[in-house]
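Architecture and fold: a report
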Amino acid sequence: MDADTISISLTTMEGVVIKSTGSWYDVRTQAGETVPCRLKGVFRLDESKDTNPLTVGDRVTVENEDGDWMITQIAERQNYIVRASPKHKGARQLLAANVDQCLLIVTMASPRTSTGFIDRFLLTAEAYHIPTYLVFNKQDILDPKGLKKQQYVTDMYARIGYPVHLVSTYTDQGIDELKDLLRNKTTLVAGHSGVGKSSLLNKLDPRLELRTTDISRITGKGMHTTTFAEMHFTDFGAQIIDTPGVREFGLMHFLPEEISHYYVEMRQYIPLCRFNNCMHDNEPGCAVRQAYLDGKIAEDRYINYLTIMADYKANYKHWEE
Ligand SMILES: Nc1nc2c(ncn2[C@@H]2O[C@H](COP(=O)(O)OP(=O)(O)OP(=O)(O)O)[C@@H](O)[C@H]2O)c(=O)[nH]1
Ligand SMILES: [Mg+2]
Ligand SMILES: [Zn+2]
């Protein structure tokens, strides 16, 4: 440290990033104060597939130098969730770090969530050992067809061990039991745009007053009301990260042959395949495919697996170049 630095007032504190807009970061310090910070210019993007070096949930050290807050250190992450960057093909964006659990908000009303999307999320969460709850929102507007579809989908996930919650932010169905799950934890709330993530947070703690918007009646697609991930501290002791709706989650850290291991119900069959590099597609003696043919692995799950593998292999080549 040189003489100049010593002569100015310098305060160091620990904190957590609660919002990141790219160039500025809001950090909540241990004292419970929120301060806007810049990142000290020494951090480079690691292995370069990430488009952002720092994300919500990151634990950091901040220093105040003459009134300006700077982030000077980032603690190692316990885990993180990435999404495929909407702008750069093959790049990924950190959505959040250091989460205890995820709530994946889905709906069989509008905009309807596909099981392919759910599976991609679940396998990412499995890879990082993050427990995930499936929350089926908009119970109040399901028509008979939607209800039937929901019954099928919820059975499928419940059978393989994922907790399922049926909620409505309009009628308050299922809201209290969610509070019990969230208390004293850091939870990432994810899902497509327009499924009701911010509405759910407002329901859990009305003081948050987060912006929500009607989904477009014409396209049925959300309009991305929430634009940055942000961690909120609720009045019942939960830390919840609301995120912008995502189209797709990124899976780039995996090798193609790893993917089946993150399909929880496939794991038990993998060692029984004839070839130990089996991809569980058309290989002879594949125990996973056999389990699917015997009705032990749900059709949606297996078909999604094959689709994910095909996409993944195509992209994986691209990343290797
Ligand atoms: N019928 C019904 N509509 C709901 C429910 N929850 C939310 N909505 C509506 O769904 C629309 C989208 O809600 P938001 O909370 O903004 O959705 P979001 O997931 O935060 O969307 P993004 O911020 O764009 O990712 C709004 O019109 C809400 O009123 C529900 O339980 N039932
Ligand atoms: Mg939102
Ligand atoms: Zn196999």
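What counts, and where the lines are drawn
- Residues numbered from 1 in each chain as written.
- Chains lettered and ligands numbered in written order.
- Predicted model: local features only at pLDDT ≥ 70, side-chain atom pairs only at ≥ 80, totals over all residues.
- Heavy atoms only, no water.
- Axes fitted to C-alpha atoms, helices over the stretch in contact; angles between N-to-C directions.
- Helix = DSSP H or I, 4+ residues; strand = E, 2+ residues; numbered from the N terminus.
- Parallel < 35°, antiparallel > 145°, perpendicular 65-115°, else oblique.
- Contact = heavy atoms within 4.5 Å.
- Nonpolar A, V, L, I, M, F, W, Y, C, P; charged D, E, K, R; others polar.
- Phe/Tyr/Trp six-rings, centres within 6.5 Å; stacked < 30°, edge-to-face > 60°.
- Buried < 20%, exposed > 50% of the residue type's maximum accessible area, 1.4 Å probe, protein only.
- Lys NZ or Arg CZ within 6 Å of the ring centre and 35° of its normal.
- Salt bridge = Lys/Arg side-chain N within 4 Å of Asp/Glu carboxyl O.

1. Considering the packing of helix α4 (residues 175-182) against helix α5 (residues 197-204)
Between α4 and α5, the shortest axis-to-axis distance is 10 Å and the interhelical angle comes to 85 degrees. Relative to α5, the element α4 lies roughly perpendicular. Across the interface between the two elements, I175, L178, K179 and L182 of α4 pack against L200, K203 and L204 of α5. Residues belonging to the contact of α4 with α5 are distributed by class as follows: five nonpolar, no polar and two charged.

2. A short note on the packing of aromatic side chains
Within the structure shown, the criterion is met by five aromatic pairs. Ring centres of Y157 and Y162 lie 6.5 Å apart, and the angle between their planes is 65 degrees; on these two criteria the pair is classed as edge-to-face. Here Y157 matches Y162 in class, with each residue buried. Judged by centre distance (5.7 Å) and plane angle (75 degrees), the rings of Y263 and Y305 are edge-to-face. In this pair, Y263 sits in the loop between β13 (239-242) and α6 (287-293) while Y305 sits in helix α7 (residues 299-320), placing the two residues 42 residues apart along the sequence. One exposure class covers both Y263 and Y305, and it is buried. Among the aromatic residues, those joined into a ring-pair cluster are Y263, Y292, Y302 and Y305. A cation sits over an aromatic face here: K179 above F236, 5.2 Å from the ring centre.

3. With respect to the pattern of salt bridges
Scanning the model with the defined rule gives 10 salt bridges in all. Note that K203 is salt-bridged to D172, the shortest N-O span being 3.0 Å. Taken as a pair, K203 in helix α5 and D172 in the loop between β10 (164-166) and α4 lie far apart in primary sequence, 31 residues in all. We classify K203 as partly exposed; its relative accessible area is 31%. Linking D205 and R207 is a salt bridge whose minimum nitrogen-to-oxygen distance equals 3.2 Å.

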